[in-house]
Amino acid sequence: MANEKKLQVAADKELYNFLCDNIDKLNDAWFAGLKKTEGVYGSDDQAVIDVLKEQNKGFHIRFCELFDPENPLSYELFEEWIVEISKDEQHLITPIDDIIDEFNRTESLYLELLEDFVAEHDLCGKETLSYTRKISSAFNQIIVWFTRENAKQAEFKLAAQQAMILELSTPVISLTPEVALLPLVGDIDTNRAKYMMDNVLSQCAKLGVDYLFIDMSGVVIIDTMVAHRIFNIVNSLKLLGVETILSGIRPEIAQTATQLGIGFDVKTTHSLKAAVDRYILN
């Protein structure tokens, strides 16, 4: 039994050395068979291509270490590589199904390489099956792990983009040391209205303005929730010593507000120009 174990370790060591010796061959074969698709795989930028080759080689180095019988690499040590690739901007813009296809193609390259090793060492069917299962199992685990991490990073990116959109959609612009402007354009949903409340108060306090123009000429629809949010902003700004002037309220919005029984105890002008003329130029 001990002799069989030594023979198995020796065979495993030979496979490990064989794989390590063919890392560059694997990397070159993978890149040679790469089809131009979307994202990172379709880039003509040489800098992107060079990084992609290094990333792929980093995978092969780690993967081959899984087969070292004396010091097998733990799957957890793939974490650094997986997180790095998942965060990579070029991979984030690449469809996940294209990335999985490349994992599968890489697995095929390893299985083809295993066939060469089996032929050279005349391995029995049991040993061949064992190595085949180990390769396939490793790729299955890595693919699942990468897919989960990629989805997580995509969610982080989407959340960051949404936060940026909210920030850009409710900009408090300083017109003079005493006057700021909040231009509202498009639909205002619950998230945007909530962010608007927090952002406007903090920005007005930071700028130290006495007046805030809220221009609503770009708002087509208003409902009870939005109206009350604006009303709350106006009242909260009063506590900060900031007077609010609403400008550009459309006739249909004024009519809707009246029908909903919403009243604004706030100064209004028919346009932003009128507000500027009255409170800045005079």
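Structure first, text after, so check above.
Read on for a plain summary of the structure. (Residues numbered from 1 in each chain as written. Predicted model: local features only at pLDDT ≥ 70, side-chain atom pairs only at ≥ 80, totals over all residues. Heavy atoms only, no water.)

### Let's talk about empty space enclosed by the protein
Rules: The way it works is a 1 Å grid over only the protein atoms, where trapped points that fit a 1.4 Å probe form a cavity and open points with protein on both sides within 12 Å along at least five of seven lines form a pocket, and then any residue with an atom within 4 Å of a point lines it. Grid points are joined across faces, edges and corners, and a volume is the space filled by probe spheres set on the points. Runs of H or I in DSSP of at least four residues are treated as helices and runs of E of at least two as strands, each being numbered from the N terminus. For this classification, the nonpolar set comprises Ala, Val, Leu, Ile, Met, Phe, Trp, Tyr, Cys and Pro, the charged set comprises Asp, Glu, Lys and Arg, and every other residue, Gly included, is treated as polar.
For the coordinates displayed, the defined rule picks out one cavity of 30 Å³ or more. In this structure, the largest cavity occupies an estimated 180 Å³ of space. The wall of the largest cavity is formed by 14 residues, among which Trp30, Tyr41, Asn56, Trp81 and Phe103 lie closest to the centre. Breaking the lining of the largest cavity down by element, the ones donating at least two residues are helix H3 (46-65), helix H4 (79-87) and helix H6 (96-121). The residue makeup of the lining of the largest cavity, split by class, is nine nonpolar, four polar and one charged.

### Examining the packing of aromatic side chains
Definition in use: Working definition: rings of Phe, Tyr and Trp (its six-membered ring) pair if their centres are within 6.5 Å, and the pair is stacked with planes under 30 degrees apart, edge-to-face with planes over 60 apart, and tilted otherwise. Buried, partly exposed and exposed residues are distinguished by accessible area as a fraction of the type maximum, computed with a 1.4 Å probe on protein chains only: under 20%, between the cut-offs, and over 50%, respectively.
Throughout the structure, instances matching the rule amount to 15 aromatic pairs. On the numbers, 5.7 Å between centres and 50 degrees between planes, the contact of Phe59 with Phe139 is tilted. Of the two residues, Phe59 sits in helix H3 while Phe139 sits in helix H7 (residues 125-169), which places them 80 residues apart along the sequence. Given a relative accessible area of 2%, Phe59 falls into the buried group. Residue classification places Phe139 among the buried positions, given a relative accessible area of 0%. Note on Phe103 and Phe146: the rings are 5.5 Å apart at their centroids and 65 degrees apart in plane angle, and the pair reads as edge-to-face.

### Quick notes on the environment of Gly39
Convention followed: Should any heavy atoms of two residues lie within 4.5 Å, those residues are considered in contact.
Positionally, Gly39 belongs in the loop between helix H2 (23-32) and H3. Between the alpha carbons of Gly39 and Ile93 there is a distance of 5.3 Å; along the sequence they are 54 residues apart. The residues touching Gly39, leaving out its near neighbours within four places in the chain, are Gln90, Ile93 and Thr94.

### Focus on the nonpolar core
Threshold: Residues grouped as a nonpolar core are buried Ala, Val, Leu, Ile, Met, Phe, Trp, Tyr and Cys residues, joined through side-chain atoms within 4.5 Å.
Counting residues in hydrophobic clusters, the biggest one holds 38 residues, and the most contacted among them are Phe59, Phe63, Phe67, Phe103 and Tyr110. Those elements that provide at least two residues to this core are helix H1 (2-21), H2, H3, H4, H6 and H7. Residue contributions to this core peak at eight residues, all from H6. Leaving out residues up to four positions away in the same chain, Phe59 has contacts with Phe78, Trp81, Phe103, Thr106, Tyr110, Phe139 and Ile142.

### Considering the sheet that holds strand E2 (residues 179-185)
Spelled out, the test is: Only when DSSP finds a minimum of two bridges between them are two strands counted as paired. Where helices are involved, their axes are fitted lines through C-alpha atoms of the stretch in contact, as for all axes, and angles between N-to-C directions lie from 0 to 180°.
Strand order in this open sheet of five strands is E1-E2-E3-E4-E5, and the pairing throughout is mixed. Two strands bound the open sheet, and with one partner strand each, they are strand E1 (173-174) and strand E5 (267-269). Across the sheet, helix H11 (residues 272-281) lies against E2, strand E3 (211-218), strand E4 (243-247) and E5, angled at about 165 degrees from E3, the strand it touches most.

As far as function goes, none of this settles anything; it's purely spatial.
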